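Summary of structural features
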Amino acid sequence: MLDPLQTVDFSKYSDGLVPAVIQDYNTQKVLMLGFMNQEALTTTQQTGLVTFYSRTKQRLWTKGEESGNHLQVKQILLDCDKDTLLIKAEPKGPVCHTGADTCWSEPNHASDFLYYLEDIIKLRRTSDDENSYVRKLFNKGINKIAQKVGEEAVEVVIEAKDVNQELFLNESADLLFHYLVLLQAKDCTLQDVINVLKERHQHK
């Protein structure tokens, strides 16, 4: 099967460059936009570090080559027109030269993924997919969802007393996921909980 990245249409634009949108692999936040030619794409694939073709410097430029704030490649996707790349990467520091997390001055934190996951749960709640685990939970009602959170909490306590970190983290992830489902079932959000914590913090 042909590698989709071998079909990138670099000839579509007169300068032989295609746009490369960089997205945080974990938070889904769009970090920056750059341009690549064939050599930049090949270098990116070979090194695992996002490398652009700099139109101002007229040469290949690896993001973070001076600051050390590299973008570690996790996945490269090609759009349907074969002329735009989406690169999912893990940033090793601020992405923008101004010191901001993104080139649009948006904050980018690991907790952002929880908001993304919250949105996915919301969509699955009303999904037409009969096989959706989330939809099945909501169809069983609030009592079943609350019971599931309780069961996962017990599993976390059990694994906390053991020495297997992997099992503990997996049970913790299950607990957090089902807690987000419970929040949705109660028509509450993660931000509502954060607001309570902030208010408590301010009064200490």
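Described in the following lines is the structure provided in the data block. (Residues numbered from 1 in each chain as written. Predicted model: local features only at pLDDT ≥ 70, side-chain atom pairs only at ≥ 80, totals over all residues. Heavy atoms only, no water.)

Moving on, we get to the pairing of strand β5 (residues 71-78). Summarising the sheet, β5 and strand β6 (residues 85-91) pair through 7 bridges and their orientation is antiparallel. Each residue of the ladder has a partner; that of Gln75, found in β6, is Lys88. In textbook terms, the turn of a hairpin is the stretch between consecutive antiparallel strands, and for β5 and β6 this stretch comprises 6 residues, one of which, Lys82, has a positive phi near 60°. (Pairing = 2+ DSSP bridges. Helix = DSSP H or I, 4+ residues; strand = E, 2+ residues; numbered from the N terminus.)

A few words now on the environment of Ser105. Mapped onto the secondary structure, Ser105 falls in the loop between β6 and α2 (112-125). Ser105 gets classed as exposed once you look at its relative accessible area, which sits at 58%. Each C-alpha atom of the pair Ser105 and Leu183 lies 30 Å from the other, and the pair is 78 residues apart in sequence. (Buried < 20%, exposed > 50% of the residue type's maximum accessible area, 1.4 Å probe, protein only.)

Next up on the list: the packing of aromatic side chains. The final tally for this structure, using the stated rule, is 2 aromatic pairs. Taking 5.6 Å as the distance between ring centres and 25° as the angle between the ring planes, the aromatic pair formed by Phe52 and Trp61 counts as stacked. The exposure class of Trp61 is partly exposed, given its relative accessible area of 23%. Of note, Lys74 hangs over the ring of Tyr25, and the distance from its end group to the ring centre comes to 5.6 Å. (Phe/Tyr/Trp six-rings, centres within 6.5 Å; stacked < 30°, edge-to-face > 60°. Lys NZ or Arg CZ within 6 Å of the ring centre and 35° of its normal.)

Before going further, it helps to examine the sheet that holds β6. Spatial ordering of the open sheet is given by β2-β1-β6-β5, a layout of 4 strands whose pairing is mixed. Among the strands making up the open sheet, the edge pair consists of β2 (30-36) and β5. Between one strand and the next, the sheet's axes are offset by a mean angle of 25°, whatever the strand orientation. Relative to β6, strand β1 (residues 18-24) is paired through 5 bridges, and the arrangement is parallel. Bridge assignment links Ala20 to a residue of β6, and that residue is Leu85. (Axes fitted to C-alpha atoms, helices over the stretch in contact; angles between N-to-C directions.)

Another aspect to go through is the environment of Leu117. As for its position among the elements, Leu117 is in helix α2. Look at Leu117 and you get buried, because its relative accessible area is 18%. Separated by 37 residues in the primary sequence, Leu117 and Cys80 place their C-alpha atoms 26 Å from one another.

Interhelical geometry of α2 versus helix α3 (residues 133-140) gives an angle of 65° and a closest axis separation of 8 Å. With respect to α3, the axis of α2 lies roughly perpendicular. The two elements α2 and α3 cross, and the hand of that crossing is right-handed. Listed contacts from α3 to Ile121, Arg124 and Arg125 of α2 are Val134, Arg135 and Phe138. (Parallel < 35°, antiparallel > 145°, perpendicular 65-115°, else oblique. Left-handed = near helix turned anticlockwise from the far one by under 90°. Contact = heavy atoms within 4.5 Å.)

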